Structure formats: structure tokens, C-alpha cells
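The primary structure of each chain is shown beneath.
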Amino acid sequence: MAEPELRSPLAVRAAALAISGGVGALLIRALLVLPKDEAGLAPLVKANLDASGVKNPVTAVLLNFRGYDTMLEIAVLVLATIGVLSLTIAHSDKWPTVAEHAAPALSALARFLAPAMVLVSGYLLWAGEHAPGGAFQAGSVLGAAGILLALSGYARPAGMTGFALRAAITVGFIVFLAAAIGDMLIEGALLEYPADHAKTIMLAIEAWLTVSIAVILASLFISSASPVEELRRRIRGGR
Amino acid sequence: MPLSEWVGAQLPALVILVPLTAAPVAFLGVRLGRPVALVSALMSQPLAIALALEVAREGVLRYEIGGWGAPLGIDFVVDGLAATMILVTSVIGLLITVYASGYFTDQDRYRFFWPLWLFLWASLHALFLSGDAFNLYVCLELVSMSAVALVALTARREALVAAMRYMLAAILGSLFYLLGVALLYAAFGSLDMATLRGAIRPDVTGQAAFALMTVGLLLKTALFPLHFWLPPAHANAPSPVSAALSALVVKGSFYILIRLWIDVGSPSVAPGTAHLLGVLGSVAIVWGSIQALRQERLKMLVAYSTVAQIGYLFLLFPLVRAGGVAAADAWTGGVFHAVSHALAKSAMFLAAGTVLARLGHDRIEGVGGLSRRAPLTAMAFGLAGVTMMGLPPSGGFVAKWQMISASVLSGEWWWAVVIVAGGLLAAGYVFRVIGRFLGREEAGDREADTGRSPRTMEWTALALALGALVLGVAGQPLLDLIPIGAPALVAGIGVTP
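Residues numbered from 1 in each chain as written. Chains lettered and ligands numbered in written order. Predicted model: local features only at pLDDT ≥ 70, side-chain atom pairs only at ≥ 80, totals over all residues.

**Points about the overall build of chain A**
Spelled out, the test is: Helix numbering and strand numbering both begin at the N terminus, where a helix is a DSSP run of H or I of at least 4 residues and a strand a DSSP run of E of at least 2. Here exposure depends only on C-beta density: within 10 Å of a residue's C-beta, 20 or more other C-beta atoms make it buried, 12 or fewer make it exposed, and intermediate numbers make it partly exposed, the C-beta atoms being placed from the backbone. Any two residues are considered in contact once their C-beta atoms, placed from the backbone, lie within 7 Å.
When its secondary structure is counted, chain A shows nine helices and zero strands. The order of α-helices and β-strands along chain A, N terminus first, is α-α-α-α-α-α-α-α-α. For chain A, the proportion of its 239 residues judged to be buried stands at 37%. Sequence-distant contacts, at least 24 apart, represent 78% of the contacts inside chain A between residues at least 6 apart.

Here it is in C-alpha cells:
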């Protein structure tokens, strides 16, 4: 089948240009008159930082002050993965396998890099308490290590089907949820950490989040390797 | 602290946590999906009822997540509107869950329906309770993600194309909304809606933020002319999903719109814009109904009917801004319309799903004589049609009555004309289907009928349709609940005590 024409008609492109130009102009105008002295919530965050249990204000906001947002954002990641898995399994019951013939340079590189990436991930997780870092950064690095290993043939995603994968995808969210519910029983409000243990609880949540984020990112990458072609073929026509 | 007291204090959190906990469990246990969903659906009922009773007794509830309190933390805010939406979502959710347990014959292939559906349910509850503009964005993302995945569930070509289009529209809508939230925060220093209400100024930034958020939410609510993604997505999804999308999901973004326009930003929005929304709503009513009349497939007809019915919701904007007693009538009537449409539309989609399951197709031409073979399903569709047309004694009648009264009181009688005309057009497309149901069987129609329609499927659709009908005579508690804690624009004229 020939590649379908991807270019839109001139009128459509002109309309798109006009709309995005208009929105852009509106945005620029709105930004130009923004008040310079509006500090937002930063002073409030600073004033409550001691009570949050961590020294990095970003972590305090993400895991404590607005921890509920973060919990729901993890749910978004889990959902996206379930969505991809549901399509992967709906058309073939196999987790796609990865080519076994990796280039020698790639596999040598992977052997050097992967351990270092695991180490960096652990450091980022720990550093999040007082400096930029945390579960999202740590999970991204760990997930990248997983993708590298899969591409170079060391990790066998084909063996990762079933319960182990599903558990790894959800464990971060489940730990977060369990902490949230535990706080309701102990302290009286959703995600109200006991003051003495706030730091420990947040670190535990972040550690499991790191695992889940890594597995989610890696499995999104790996599972989209083959089905996308299949889906695209179906969308274009024929079965 | 005794358990009942603890549950009472934690109600806003619990209505979200029950489906939110059930979702990962349904994903982990391959065969747990259906039982876990049923347990979660049953548990949601007393919680939603208790929450509504609590609001009716105590007035608006606030719940400080993490104990911080807004604006540093995030608060749940439960007023009459929120409690109403939770109640409706819970009731419809239960019936959809029961229907789905009979609908998916290949439970193994569709096992991911359950976690996706539970996530959707939890995120709708989260959306209705949130008092924070950014948290609402996260809720919108959760709703859209689960809805898109549910549309694509069958992996059939039409479903995939529709899901893709739906996803692009939904993401664009979310990002517009997020841009607006970012501007609001940069200019007014808060994300908490109650704080923003006091801080917002009608300057360029405030208006730009409102314009961006409004366009994004209109795209998600599928108001004409931004409805292009809705009919294929709602018609090609599995029927329990179609019901949830048309009944509940489009109401989610509409809910944020009325919170923003009528509560948070009332001083900063020009009245002309409210009228523009009313005009678009009117065009949606006429255009959607005409398209519904022209459809060949039953589910496409029902989906275009949603495009039309969404239009009524937007008459609320000009009518509320007209002020006076009209505002209170418009507020209650608009929300009541959202509720009765949710019940009737889910009944229609579930009935259409039963037709599809029996015949293997949903061509309107081919449903002749079905009222004799599947009387309950035909009756469910017909009774839902009564609400859709706005005939007494249905919930749709009460809602339209309130809106017509609001338009007469406000002197803007032309909205009443649109409302009445929309009812006539609805009669056109409803009777077109009923006529075929009651009509003669064509050769081969009976042979095509597999006769497969479990009682769980027929009775749930009928229960929803009856619910929409009964709302008209027994809807008073809801009519009392809706105005509790209503925005100043609505409540400021002495209607609510």
C-alpha cells in the first residue's frame, strides 16, 4: 500500500496558522502584563517547610503539601500503561519480543552504563530530600537503563508477562494509596503524615514510585515497539 | 472515635478511595475484575447517599487533604451541586457495572475493562469534589485517559480511529485548560478556587486565562462546533462505555465550566460571552437533533442526541447571568437537566447495546418488530425518550420547565422557543426508532436475532429509564439539594436561605 498523503490542504494549514498565531499573540499579551511582584505560594511553602519533613521545597510540595496531586498523577501513568496493555493483549496474547541480535558495541556500552544508571537513580532518589531529584527523575533514569538493556538483548521482556509486571506497574501507586489511607486512620485526614515519620514515609513512597515509574516507562517503550505498526496498519484500512 | 463518626468525617475521601482502591486490585487479579467492581459499586451507594444527606443537613463541607488547608494544600469542597453529581454518578455507575458484567461475554479478553472503568469512576468523583484548579486538571487527565482507553478497548478499526481522534481532542482541551491555570496562578497567586474568586481581576491576563480554559473545556464537553469527535467515539465504544461517556464524562468538563464561569470568575467575564455560549448551545440543539434524525445506526443516533442535549446545558450561562429569580431557576433547571439526561441517555445507550448484542448490528432499518421479542429493551428506550423529549411527568420535563420559566422571568423569551423546538425535534428522532421497534419485521430480521439479552442487561437499562421518569414526580429532594451552597450570583437573591 502506498503511503497516504499526509499533507493537509492549503486552506487547513492557513487556518491552523491563523489560529495558533492568534493564540500565541493572546498569550504574549497576557504574559506582558503579568504582575512582577506576585510571589504565589512560595512564601507559604517556605514558612511550612520545616513541618513538611524534607528540606527541598519541590519535594515538600510534590509529596506533602500537594501529595494528593502526585498520587493522582501516578494513577495517570498506571492508566496509560493499562490502556497500552489492553491494546497489546487485545490483538495478540504475546508480550512483544525484542530482537536478539544486538550490535556488539551496543551491548558493551550497556554493560558499562547500566550499573552506573542504577547507581545514579539511587542517588537521585536520596538527593530529592534536600536537592533537585526525587522519584520522577530516579524512575526515568532507571527506566532508561531498562530500555537500554532490552535493546541490547540483556533483559528479556518476553519473560515479564503476567502478575510480576502488573505488580511492578502498580506497586508505587498502591504504596501511596496505602499511606494515604493509613493517615486517615491515624491522623484523621487523607495524606496527613504523622509529623515524626513524615520523612520516612515520603522516602518509602518515593522508593516504590521509582520502581513503578521505571517499569511503566520501560514497558510503554517496549510494548509500543511492535503493536504500533499493527495498529497503524488497521487504522489505514483493511484488517 | 466510633466508626460511624469516623466514616462521617471521612466521607469525601471515602467516595473517591473506594473505586480508586478497587481499580489496581482489579488490574492485579485477572479474575477479580468483575467481583471487585461489583463490590466497589455497591459500597459507593451508601457513601454517596450519606454524603448528600450530610450536605443537606450541614451545608457546604470542606475537607483539608494532608491537614494543610488551601491555598497551601488541596481541599475537597462538597456543595449541593457536587453531592448531586456524586449521587448520580454512583447510581448510574452501579447499573453500568451490572450491565457490563452481562455484556462482556469474553471476560478474559476484556479483563482490562474493569480497572479502566473503576479508574474512570474514581476520577469522576475526584473531579466533582476538587476545590483546586490544578487538581481539576489532573482529574481531567485521569478521566480522559481512562475514557480513551475504554473507547479503544475492542481494538476494531472504527473504534481505534475514533479513540485516536478523541484522544487528540481531549489532550488539546486539557492543555488549553492547563495554560489558563498557569496564567491564573502567575497573575493571582493561587490555585484554590475559593481564593481565586476573591483575587481574580478582569484584566488581560484574567480574560486570556478564562478564554483558554473555556475553549479547552468546550472542546472536552463537545459543544457545537467542537463536537466533531463525540459521535464516532461514543457510538463505537462498547455500549457500557458509551453510556458512561455520554451520561457522565461530558458532564465532568461542563461541571468545571460552570464552576469557573458562575462561581470563580463571575465579575471578570463579559455578559456578551455568556450569550455566545447560549447561542452555541441553541445551534447544538438544532444541529444535533437534525443529525440524529439522519443517522442510519442506532448508536450514532443516540450519540448525536447527546450533541443536542449538551446544548441545553449551555442555556444556563445566559439565563443565570440574567440575574433575579430567573438565575435560581436556571441553575437548578440546568443541573437537573444534566441529571435527568444522564439517566435517560445511559438507558438509551444500554438499550442500544442490547439491540447490538442480539442482532449483531444496530441499523435502525433492521430493528423491526423488536418490541415483541425484547419488550423490556424497547420500553427502556421509549421511556428514556419521554425524558429526552421533555414530556411530563419525566425529569426532562421538570428541567425544561425550570429553564423555560427562567427565560420568561428574565425576559429573554427566545431561549424558551429553542427549548420547545428542541423537544419537538427530539420527538422526531425518538419516534423514528420507536416506530421501527413497533413496526413490521422485514424478512430475515427474526433470523438475525440471536435472542441473547441477559436480564442484567435488559433490567438495568429499564431501571435507568424509569429513574429518569420518576425524577419528574419524586425529584423534590434533589431540587432542594442542588441550590445548597450555590454561587453568589445564583444564591444572592434570597432564594436559598
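**Examining the overall build of chain B**
What counts here: Radius of gyration: over C-alpha atoms. The globule rule applied is 2.2 Å multiplied by the number of residues raised to the 0.38 power.
Scanning chain B from N- to C-terminus turns up 22 helices and two strands. Its C-alpha atoms give chain B a radius of gyration of 21 Å, near enough to 23 Å, the size a compact globule of 497 residues would have. Projected onto the principal axes, the alpha-carbon positions of chain B cover approximately 70 × 55 × 40 Å. Looking at chain B residue by residue over its 497 residues, the buried ones come to 64%. Across chain B, contacts joining residues at least 24 apart in sequence account for 80% of those joining residues at least 6 apart.

**Here we look at the nonpolar core**
Rules: As used throughout, a nonpolar core is a set of buried Ala, Val, Leu, Ile, Met, Phe, Trp, Tyr and Cys residues joined through C-beta atoms within 7 Å of each other.
Formed by 268 residues in total, the largest nonpolar core has its most connected members in Val-151, Ala-347 and Ala-465 of chain B. Sorting elements by how many residues they give to this core places helix H14 (residues 324–359) of chain B first, with 20 residues.

**Focus: the interface of chain A and chain B**
Put simply, the rule reads: Under the convention adopted here, Pro, Cys and the residues Ala, Val, Leu, Ile, Met, Phe, Trp and Tyr are nonpolar, Asp, Glu, Lys and Arg are charged, and Gly plus all remaining residues are polar.
Counting from both sides, the interface comprises 50 residues of chain A and, opposite them, 51 residues of chain B. Secondary-structure elements contributing two or more residues to the side of chain A that touches chain B are helix H1 (10–32), helix H2 (42–52), helix H3 (57–65), helix H4 (67–91), helix H7 (163–186) and helix H9 (227–236) of chain A. With 16 residues, H4 of chain A is the single largest residue contributor to the side of chain A that touches chain B. Of the residues assigned to the side of chain A that touches chain B, the class counts are 32 nonpolar, eight polar and 10 charged.

**What to know about unusual backbone geometry**
Residue and element names in this part refer to chain B. Here the bond from Ala-70 into Pro-71 is cis, since omega is 5 degrees, no more than 30 degrees from zero. Within the secondary structure, Pro-71 is located in the loop between strand S1 (61–64) and strand S2 (75–78). In this structure, the amide linkage connecting Pro-392 to the following residue, Pro-393, adopts the cis form with an omega of 5 degrees. Within the secondary structure, Pro-393 is located in the loop between helix H16 (375–389) and helix H17 (395–409). Even without a glycine there, the phi angle at Ala-155 is positive, about 60 degrees.

**Quick look at the environment of Leu-118 of chain B**
All names here are of chain B. Position of Leu-118 among the secondary structure elements: in helix H4 (residues 113–129). With 28 C-beta atoms counted inside 10 Å, the residue Leu-118 sits in the buried group. Expressed as a C-alpha distance, the spacing of Leu-118 and Gly-80, which sit 38 residues apart in the sequence, is 24 Å. With sequence-adjacent residues up to four places away left out, Leu-118 is seen in contact with Pro-19, Ala-22, Ala-23, Ala-26, Ala-37 and Ser-40.

**Digging into the confidence of the model for chain A**
Residue and element names in this part refer to chain A. As a reminder of what qualifies: Within a predicted model, pLDDT stands for the predictor's per-residue confidence, ranging from 0 to 100.
On average, chain A scores 84 in pLDDT, and the residues at 70 or more come to 82%. Averaged over each element, pLDDT in chain A is lowest for H9 (57) and highest for H7 (94). Segment residues 91–98: pLDDT under 50, and 18 contacts once partners within four positions in sequence are set aside and those in other chains are kept.

**A look at helix H8 (residues 204–221) of chain B**
All names here are of chain B. The following threshold applies: Under the convention used throughout, the expected extent of a helix is 1.5 Å for every residue step, that is, one less than its residue count.
Given a rise of 1.5 Å per residue, 18 residues ought to cover 26 Å, and the 25 Å separating the end C-alpha atoms of H8 matches this to within 8%. Here H8 lies mainly inside the structure; 14 of its 18 residues are buried. In the segment just after H8, Ala-222 is the residue with positive phi, at about 65 degrees.

**A short note on helix H5 (residues 104–127) of chain A**
All names here are of chain A. The cut-off we apply is this: Two axes enter the bend calculation: one fitted to the seven residues ending at the residue in question, the other to the seven starting there, and the bend is the angle between them.
Helix length check: H5 (24 residues) gives 35 Å between terminal C-alpha atoms against 34 Å at 1.5 Å per residue, within 8%. The sharpest bend along H5 comes to roughly 30 degrees, located at Leu-113, with the proline Pro-115 sitting one to four residues further on. Along H5, the positions that sit buried rather than exposed are Ala-110, Met-117, Ser-121, Leu-124 and Leu-125. Those residues of H5 that are buried lie in contact with helix H6 (135–151) and helix H8 (198–223).

**Details of the environment of Pro-12 of chain B**
Residue and element names in this part refer to chain B. Here Pro-12 shows up in helix H1 (residues 3–28). The class for Pro-12 is buried, based on 28 C-beta atoms found within 10 Å. Taking the C-alpha atoms as reference points, Pro-12 and Trp-415, separated by 403 residues in sequence, lie 37 Å from one another. Excluding residues within four positions of it along the chain, Pro-12 makes contact with Leu-51, Leu-61, Tyr-63, Phe-76, Val-78 and Leu-129.

**Some remarks on the packing of H7 of chain A against H1 of chain B**
So the rule is basically this: Working convention: axes come from line fits to C-alpha atoms, limited for helices to the stretch in contact. Angles between N-to-C directions cover 0 to 180 degrees. Orientation categories follow fixed angle ranges, with anything under 35 degrees roughly parallel, anything over 145 roughly antiparallel, 65 to 115 roughly perpendicular, and all other angles oblique. Here is the rule for handedness: rotate from the far helix to the near one, and if that takes an anticlockwise turn smaller than a right angle the crossing is left-handed, while a clockwise turn gives right-handed.
Two elements in contact, H7 of chain A and H1 of chain B, have axes whose closest approach is 10 Å; the angle formed by their N-to-C orientations is 160 degrees. In terms of orientation, H7 of chain A and H1 of chain B fall into the roughly antiparallel class. Between H7 of chain A and H1 of chain B lies a crossing of left-handed hand. Each of Arg-166, Ala-167, Thr-170, Phe-173, Ile-174, Leu-177, Ile-181 and Met-184 of chain A in H7 of chain A lies in contact with H1 of chain B, whose residues at this interface are Gln-10, Ala-13, Leu-17, Leu-20, Thr-21, Pro-24, Phe-27 and Leu-28 of chain B.

**A word on the pairing of S2 of chain B**
Residue and element names in this part refer to chain B. We count it as follows: The pairing criterion for strands is at least two bridges between them, as found by DSSP.
Of the two faces of S2, both are covered, the one formed by Asp-75 and Val-77 as well as the one formed by Phe-76 and Val-78. As paired elements, S1 and S2 share four bridges and run antiparallel to each other. Opposite Glu-64, over in S2, you have Asp-75 as the bridge partner.

**As for the packing of H4 of chain B against helix H5 (residues 133–151) of chain B**
Residue and element names in this part refer to chain B. Where H4 contacts H5, the axes come no closer than 9 Å and their chain directions differ by 155 degrees. The angle between H4 and H5 falls in the class roughly antiparallel. Both H4 and H5 take part in a crossing whose hand is left-handed. Across the interface between the two elements, Leu-116, Trp-117, Phe-119, Leu-120, Ser-123, Leu-124, Ala-126 and Leu-127 of H4 pack against Leu-136, Cys-139, Leu-140, Leu-142, Val-143, Ser-146, Ala-147, Ala-149 and Leu-150 of H5. Broken down by class, the residue content of the contact of H4 with H5 amounts to 15 nonpolar, two polar and no charged.

**Regarding the confidence of the model for chain B**
Here chain B averages 92 in pLDDT, and 97% of its residues register 70 or above. Per-residue pLDDT stays below 50 along residues 493–497 of chain B; that stretch engages in 11 contacts with residues further than four places along the chain or on separate chains.

**Let's talk about the environment of Glu-187 of chain A**
Inspection of the secondary structure puts Glu-187 of chain A in the loop between H7 and H8. Look at Glu-187 of chain A and you get partly exposed, because 15 C-beta atoms sit within 10 Å. Each C-alpha atom of the pair Glu-187 of chain A and Leu-17 of chain A lies 54 Å from the other, and the pair is 170 residues apart in sequence. Setting aside residues no more than four positions away along its own chain, Glu-187 of chain A makes contact with Glu-192 and Pro-194 of chain A together with Gly-67 of chain B.

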